[in-house]
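# Results of the structural survey
Residues per chain are reported as follows:
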Amino acid sequence: MAHAQLLEEKINPFHIAQQQLDKAAAILKLDSGIHTALRQPAREMHVTLTIKMDDGSCRTFNAYRVQYNDARGPNKGGIRFHPEETIDTVRALAAWMTWKCAVVDIPLGGGKGGIICDPKSLSETELERLSRAYVRAISRFIGPDKDIPAPDVYTTPQIMAWMMDEYSTIVGHHAPGVITGKPLAIGGSAGRGDATARGGAYTVREAAEHLGLDLKSSTVAIQGFGNAGQYAATLFHDLLGCRIVAVSDTRGGVYNPGGLDPQALVNEKRRTGTVANFPGAQQISNDELLELDVEVLAPSALEEVITEHNASRIRANIIAELANGPTTPAADEILFNNNVFVIPDFLCNAGGVTVSYFEWVQNSSGYYWEEAEVHHRLDRKMTEAFRAVLNTSTEFGVDMRTAAYMVSIQRVAEAMKLRGWV
Ligand code: NAD
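What you see is a predicted model; the values in this text were computed from it and never measured.

### Side note on helix H2 (residues 13-28)
End to end, H2 covers 23 Å across 16 residues, agreeing with the expected 22 Å (1.5 Å per residue, within 8%). For H2, every residue scored as buried is listed here: Pro-13, Phe-14, Ile-16, Ala-17, Gln-18, Gln-20, Leu-21, Ala-24 and Ala-25. Turning to H2, the residues buried within the fold contact helix H3 (32-38), strand S2 (58-69), helix H4 (87-103), helix H11 (329-337) and helix H15 (400-419). A distance of 2.8 Å separates the backbone nitrogen of Phe-14 from a side-chain oxygen at the start of H2, and that oxygen is part of Asn-12. Immediately downstream of H2, the backbone of Lys-29 shows phi near 50°, a positive value.

### Considerations on helix H9 (residues 262-272)
Considered for burial, the residues of H9 that qualify are Pro-262, Leu-265, Val-266 and Glu-268. One side of H9 carries all its buried residues, which in axial view fall inside an arc of 160°. Along H9, exposed side chains directed more than 90 degrees from the buried face belong to Arg-270 and Arg-271. Check the buried side of H9 and you find it contacts helix H8 (227-238), strand S7 (243-249) and strand S8 (252-255).

### Comments concerning the layout of surface pockets
Empty space within the second largest pocket amounts to approximately 200 Å³. In terms of lining, the second largest pocket is formed by Asp-332, Phe-336, Asn-339, Val-340, Phe-341, Val-342, Ser-393, Val-398, Asp-399, Met-400 and Arg-401. Looking at the lining of the second largest pocket, the elements that each hand over two or more residues are H11, strand S12 (341-343) and H15. Residue composition of the lining of the second largest pocket, grouped by class: six nonpolar, two polar and three charged.

### Thoughts on the sheet that holds strand S3 (residues 75-82)
Here we have five strands laid out as an open sheet, ordered S1-S2-S4-S3-S5, and mixed in their pairing. Edge strands, defined here as strands with exactly one partner in the open sheet, are strand S1 (43-52) and strand S5 (147-151). Direction aside, neighbouring strands of the sheet carry axes that sit 25° apart on average. Pairing analysis gives 10 bridges linking S1 to S2, with the strands arranged antiparallel. The partner of Ile-51 across the bridge, within S2, is Arg-59.

### Looking at the site of the ligand
Around the ligand lies a shell of 23 residues, among which Asp-152, Tyr-154, Thr-196, Asn-227 and Asn-324 are the nearest. Measuring from an oxygen atom of the ligand, one finds a side-chain N or O atom of Asp-152 at 2.8 Å. For the ligand, an oxygen atom lies 3.2 Å from a polar atom in the backbone of Thr-250. When isolated, the ligand has an accessible area of 820 Å², and the protein chains bury 88% of it. Tallied by class, the residues present in the shell around the ligand amount to eight nonpolar, nine polar and six charged. Of the residues that make up the shell around the ligand, three or more belong to each of domain 1 (42-186) and domain 2 (190-422).

### Points about the domain arrangement of the protein chain
Entries for the protein chain in the domain assignment read domain 1 (42-186) and domain 2 (190-422). A C-alpha centroid distance of 23 Å is found between domain 1 and domain 2. The interface of domain 1 with domain 2 comprises 39 residues on the first partner and 34 residues on the second. Surface buried jointly by domain 1 and domain 2 totals about 2,900 Å² across both partners, of which 65% is contributed by carbon and sulfur atoms. Looking only at domain 1, the three residues that lose the most surface to domain 2 are Trp-96, Trp-99 and Val-103, adding up to 23% of its buried area. Summed over the shared surface of domain 1 and domain 2, the number is two salt bridges. Lys-182 is the salt-bridge partner of Glu-359, the closest N and O atoms lying 2.7 Å from each other.

### Regarding the pattern of salt bridges
According to the stated counting rule, one finds 27 salt bridges in the structure shown. Note that Arg-271 is salt-bridged to Glu-268, the shortest N-O span being 3.1 Å. Of this pair, Arg-271 and Glu-268 both sit in helix H9, three residues apart, which is roughly one turn of that helix. Measuring nitrogen to oxygen at the nearest pair gives 2.9 Å for the salt bridge that ties Arg-401 to Glu-321. In this pair, Arg-401 sits in helix H15 while Glu-321 sits in the loop between strand S11 (318-320) and H11, placing the two residues 80 residues apart along the sequence. Summarising the burial analysis for this pair, Arg-401 and Glu-321 share the class buried.

### Comments concerning the sheet that holds strand S10 (residues 296-299)
The strand order across the open sheet formed by seven strands is S9-S8-S7-S6-S10-S11-S12, and the pairing between neighbours is mixed. The open sheet has two free edges, formed respectively by strand S9 (282-284) and S12, since each of these has just one partner strand. The sheet shows a mean angle of 20° between the axes of neighbouring strands, direction not considered. With two bridges connecting them, S10 and S11 associate as parallel partners. Bridge pairing in S11 links Leu-297 to Ile-319. Where H8 meets the sheet, it contacts strand S6 (219-223), S7 and S10, and its direction lies at approximately 170° from that of S6.

Cut-offs used in this document
Residues numbered from 1 in each chain as written. Predicted model: local features only at pLDDT ≥ 70, side-chain atom pairs only at ≥ 80, totals over all residues. Heavy atoms only, no water. Helix = DSSP H or I, 4+ residues; strand = E, 2+ residues; numbered from the N terminus. Expected span 1.5 Å × (residues − 1). Buried < 20%, exposed > 50% of the residue type's maximum accessible area, 1.4 Å probe, protein only. Contact = heavy atoms within 4.5 Å. Polar contact = N/O pair within 3.5 Å; in protein donor to acceptor, adjacent residues only side chain to side chain. Arc of directions from axis to C-beta. 1 Å grid on protein atoms, 1.4 Å probe; cavity = no way out; pocket = protein on both sides within 12 Å on 5 of 7 lines; lining within 4 Å. Points joined across faces, edges and corners; volume = space filled by probe spheres on them. Nonpolar A, V, L, I, M, F, W, Y, C, P; charged D, E, K, R; others polar. Pairing = 2+ DSSP bridges. Axes fitted to C-alpha atoms, helices over the stretch in contact; angles between N-to-C directions. Near = heavy atom within 4 Å. Areas by Shrake-Rupley, 256 points an atom, 1.4 Å probe, with all protein chains shown as cover. Domains from an automatic or database assignment. Buried area = accessible area lost by both parts, 1.4 Å probe. Salt bridge = Lys/Arg side-chain N within 4 Å of Asp/Glu carboxyl O.

Set out below in structure tokens:
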């Protein structure tokens, strides 16, 4: 019942993305022509994919690819497989990709894709056919110089491998740069696997330094235990020295104020498919996890989990938004007034696209870097981005999200002006 209520109340995520843009544009006194252009995606594809199922029947799936803005370079953004995917979620995620690439100052634009499906109910061979069908449907509009997809929720390096192979077959040559997040053996980058969480860890390190918070005595709660959440648990523990006290996935969460062993949690998730029954911990709901008395809260699942209904009960000092869009604008205001330091999504989780960018660069030169070099370059990018946003936040007296928008909007607008679009 509570879940159904939440779904009913979900605000259109694209309206949220537009509202966030509007707020920063007003402070910047952004030219109204540029502002209008930035409120809409440049191009979107709605495609229908029909595939043969293992039992001989066929099924049709709806899918999208949105290319938001490519003023700074080819569009870039992940592909999500989710039963509740909507075109407006894809639009919002494509907009956030535009701001994300700009905030870390990489020469890429924003895009996103999605297939409405429940990947957990599909076999491996059905997933492969669906992934290949998607690439066939949009193949003319993607490519290393046009639009470069990547993984997102419920898409994996294996899916990227099938998609890269399908695209290479269509164009008639090896084209690893069409997609990132590939397995290492076929042109992936060292360090891509944990890049989103690692980049997030670097921003948490910077935020803690700014706030004078000792991370070695800090506790962390993580909502979502996939690529972002699992690596956040291990890296926030190993790299930052934090104590991970709570984690969750779709089936629920676990809490132990004395600390949870991140690697044991990862093993449990692999073995049983969930962390919800992890031994030696108290079971808690996803809602309870968000309101725990911790120093760092890392929403790492889906959108709109911190809203006007629970924001005033959030006790964390820092919210590290590894998920895209976890906080609504109304919640943002409450958090800002309560001095909760939010590291906004498109800054906090930009490590993924940054190493995807490194992967694309390595694919184009055919020369691959050591993992330590990837980490070093990622740290530099994330730290520079964090400091640019923090400086803007301090200078204008605005929250970190608005400041991140201000930094990104100015960069995208400059590119549009230089190209003579506006
Ligand atoms: P994933 O598919 O690897 O994992 C998703 C996790 O979220 C799973 O553990 C799932 O159980 C959990 N989950 C789903 N719905 C939930 C719910 N309602 N409550 C609690 N847990 C729930 O996905 P991911 O790649 O880790 O992506 C997670 C978030 O991070 C998304 O918002 C995504 O857009 C964002 N993100 C991912 C990357 C990346 O490189 N993978 C980069 C930037 C941002």
